[in-house]
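# Structural overview
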Amino acid sequence: MAGPALALDLDGVLADTRPLWDAWLEDAARRARVKLDVPEDRQAAAAVLDDALGDWRPLLIRFAADRAPLWIRPRADTNAALRRLSAAGARIGVFSDAPRELADLALAHAGAARQVVVVGTLAAVEAALGADTLVIRSREELSGLR
């Protein structure tokens, strides 16, 4: 029998990608000399960016790869909890509205990529892990799991 299924909020539990995203938006607007008025929801923002910048994802990755260490660092207590849960058979997914490329980079810099089996929106992670998936939105919730 498979272990419990957990869906972790990337920004709330593992690595807050919002400051990196905001810095990239500012840099991209400056470089492209355009005003980027994007929605707060990053999935909705992707459509706006497609229209304003075209193929913007490689630009985001290059920017984020250079600057991620400034904002995203492993957390020993969080990674220990992930290793413990994974060793106990938990299936761990991560959800975010961030572009997949940014989410993957954040997981790598946070040191959590090895324990994660699926990354996507909350709906996609729940679909992959099953209806009984426990949603975890904070480090405190994660550390309280036994």
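Everything numeric here is computed off the predicted structure, so don't read it as measured data.

Another aspect to go through is the sheet that holds strand 1 (residues 5-9). Read from one edge of the open sheet, four strands run 3-2-1-4, paired in parallel fashion. Whereas interior strands pair on both sides, the edge strands pair on one side only; in this sheet they are strand 3 (116-120) and strand 4 (134-136). Sheet twist, expressed as the mean angle between neighbouring strand axes with direction ignored, is 25°. In this structure, strand 1 lies alongside strand 4, joined through three bridges in parallel fashion.

Every buried residue of helix 3 (residues 42-53) is accounted for by Arg 42, Ala 45, Ala 46 and Leu 49. Buried residues along helix 3 cover an arc of 110° about the axis, so they all sit on one side. The inward-facing, buried residues of helix 3 abut helix 1 (10-14), helix 2 (18-32), helix 4 (57-71) and helix 6 (100-110). You can read the cap of helix 3 off the contacts: a side-chain oxygen lies 3.1 Å from the backbone nitrogen of Gln 43, and it is on Asp 41.

The phi angle at Arg 33 is positive, at roughly 55°, despite the residue not being glycine. Looking at the secondary structure, you find Arg 33 in the loop between helix 2 and helix 3.

On to the nonpolar core, then. Counting 43 residues, the largest nonpolar core has Leu 8, Leu 14, Trp 21, Trp 24 and Leu 142 as its most contacted members. If you tally residues by element for this core, the top one is helix 2, at seven residues. If near-sequence neighbours (up to four positions away) are discounted, Leu 142 is found in contact with Leu 8, Val 13, Thr 78, Ala 81, Leu 82, Arg 84, Leu 85 and Ile 136. Ala 7, Phe 95, Val 118 and Leu 129 belong to the second largest nonpolar core, which has six residues in total.

Further remarks concern the packing of helix 4 against helix 6. Axes are the key here: two packed helices are described by the angle between their axes and the distance separating the axes. Packing of helix 4 against helix 6 brings their axes to within 10 Å, and their N-to-C directions diverge by 20°. Of the possible angle classes, the one that applies to helix 4 and helix 6 is roughly parallel. For helix 4 against helix 6, the interelement crossing comes out right-handed. Contacts from Arg 57, Leu 60, Ile 61, Ala 64, Ala 65, Ala 68 and Pro 69 in helix 4 reach Glu 101, Leu 102, Leu 105 and His 109 in helix 6. Taken together, the residues that form the contact of helix 4 with helix 6 break down as eight nonpolar, one polar and two charged.

Another point: helix 6. Taken together, the buried positions of helix 6 are Leu 102, Ala 103, Leu 105, Ala 106, Leu 107 and Ala 110. Gly 111 occupies a position one or two residues after helix 6 and carries a positive phi of about 75°.

To continue, consider the pattern of salt bridges. Scanning all chains against the criterion turns up eight salt bridges. Between Arg 30 and Asp 27 there is a salt bridge whose closest N-O contact spans 2.6 Å. Taken together, the residues span about one helical turn, with Arg 30 and Asp 27 both in helix 2 at a distance of three residues. Taking relative accessible area as the criterion, Arg 30 reaches 54% and is therefore assigned exposed. For the salt bridge of Glu 101 with Arg 57, the shortest nitrogen-to-oxygen distance reads 3.0 Å. Residue Glu 101 is found in helix 6, and its partner Arg 57 is found in helix 4; the two are separated by 44 residues along the sequence. Taken together, the shared-partner salt bridges connect Asp 11, Arg 18, Glu 40, Arg 42 and Asp 97 into one network.

Quick notes on the rules
Residue positions within a chain follow its written sequence, with the count starting from 1. Only residues with pLDDT of at least 70 are given local features in this predicted model, and only at 80 or more are side-chain atom pairs given and counted; all residues enter the totals for whole chains, interfaces and linings. Where side-chain values are given, they derive from all heavy atoms of the structure, hydrogens and water being excluded. At least two bridges found by DSSP between two strands is the condition for calling them paired. To qualify as a helix, a DSSP run of H or I must reach at least 4 residues; to qualify as a strand, a run of E must reach at least 2; elements of each kind are numbered from the N terminus. Axis geometry follows a simple rule: fit a line to the C-alpha atoms, using only the stretch in contact for helices, then measure angles between N-to-C directions, giving values from 0 to 180 degrees. Relative accessibility decides the category of a residue: with a 1.4 Å probe and only protein chains considered, values under 20% of the type maximum give buried, values over 50% give exposed, and everything between is partly exposed. The arc in question is traced by the directions running from the helix axis to the C-beta atoms. Two residues form a contact once any of their heavy atoms are found within 4.5 Å. What qualifies as a polar contact is a pair of N or O atoms within 3.5 Å, subject to a donor-acceptor requirement within protein and to the restriction that residues adjacent in sequence count only when both atoms come from side chains. In plain words, nonpolar cores are sets of buried Ala, Val, Leu, Ile, Met, Phe, Trp, Tyr and Cys residues tied together by side-chain atoms within 4.5 Å. Our angle categories are set so that under 35 degrees counts as roughly parallel, over 145 as roughly antiparallel, 65 to 115 as roughly perpendicular, and the remainder as oblique. Left-handed describes a crossing whose near helix is turned anticlockwise from the far helix by less than a right angle; the clockwise case is right-handed. Residue polarity follows a fixed list, in which Ala, Val, Leu, Ile, Met, Phe, Trp, Tyr, Cys and Pro are nonpolar, Asp, Glu, Lys and Arg are charged, and the others, Gly among them, are polar. Each reported salt bridge corresponds to a side-chain nitrogen of Lys or Arg within 4 Å of a carboxyl oxygen of Asp or Glu.

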